[in-house]
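# Fold and contact review
Chain by chain, the residues:
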Amino acid sequence: MNLFTEPVGVSHFLVVGAVLFVCGVVCMATKRNILGVLMGIELVLNGANVNFIAFGAKFLRTDQNMSIGLDGQLIALFVIVLAAAEAAVALAIALNFYNNHSTIDIDQADELKG
């Protein structure tokens, strides 16, 4: 099985989703400021969305009778809404932290412990 000579299928989307997911995890693990971590989280969620779309697409599936409709697209839409809400809350926390401490370094955020 060679991915470069085959027509575009589910496996190609899975590779793109896996690359996005790994880039997001690496970004979350290596960035020290909260904006980099948020970008990593978005990459992870978008990698999962690519997989949901690929599994839900009718033209990528060989067996057309296995689909129940727009299940993959609906889950991806839910993840997009969830990511937007998460980004809004996290950016508000980051802005408040920056106003109080003049930095967005995660190592300085240990004062947020309860």
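Below or above, wherever it landed, is the structure these notes cover. (Residues numbered from 1 in each chain as written. Predicted model: local features only at pLDDT ≥ 70, side-chain atom pairs only at ≥ 80, totals over all residues. Heavy atoms only, no water.)

### Some words on unusual backbone geometry
For Ser-102, which is not glycine, the phi torsion reads 60° and is therefore positive. Within the secondary structure, Ser-102 sits in the segment after α3 (71-101). With relative accessibility at 59%, the residue Ser-102 sits in the exposed group. (Helix = DSSP H or I, 4+ residues; strand = E, 2+ residues; numbered from the N terminus. Buried < 20%, exposed > 50% of the residue type's maximum accessible area, 1.4 Å probe, protein only.)

### As for the pattern of salt bridges
A complete count under the given rule lists two salt bridges for this structure. With a shortest N-O distance of 2.1 Å, Asp-107 and Arg-32 are connected by a salt bridge. Within this pair, whereas Asp-107 is found in the segment after α3, its partner Arg-32 is found in the loop between α1 (10-30) and α2 (34-56), the two being separated by 75 residues in sequence. By relative accessible area, Asp-107 is classed as partly exposed at 46%. (Salt bridge = Lys/Arg side-chain N within 4 Å of Asp/Glu carboxyl O.)

### A look at the packing of α1 against α2
Running from amino to carboxyl end, α1 crosses α2 at an angle of 165°, the nearest separation of the two axes being 7 Å. As the angle between them shows, α1 and α2 are arranged roughly antiparallel. The handedness of the crossing between α1 and α2 comes out as left-handed. Counting all contacts with α1, which are made through Val-10, Phe-13, Leu-14, Gly-17, Leu-20, Phe-21, Cys-23, Gly-24, Val-25, Cys-27 and Met-28, the residues of α2 involved are Gly-36, Val-37, Gly-40, Ile-41, Leu-43, Val-44, Asn-46, Gly-47, Val-50, Asn-51, Ala-54 and Phe-55. Per-class residue counts for the contact of α1 with α2 are 16 nonpolar, seven polar and no charged. (Axes fitted to C-alpha atoms, helices over the stretch in contact; angles between N-to-C directions. Parallel < 35°, antiparallel > 145°, perpendicular 65-115°, else oblique. Left-handed = near helix turned anticlockwise from the far one by under 90°. Contact = heavy atoms within 4.5 Å. Nonpolar A, V, L, I, M, F, W, Y, C, P; charged D, E, K, R; others polar.)

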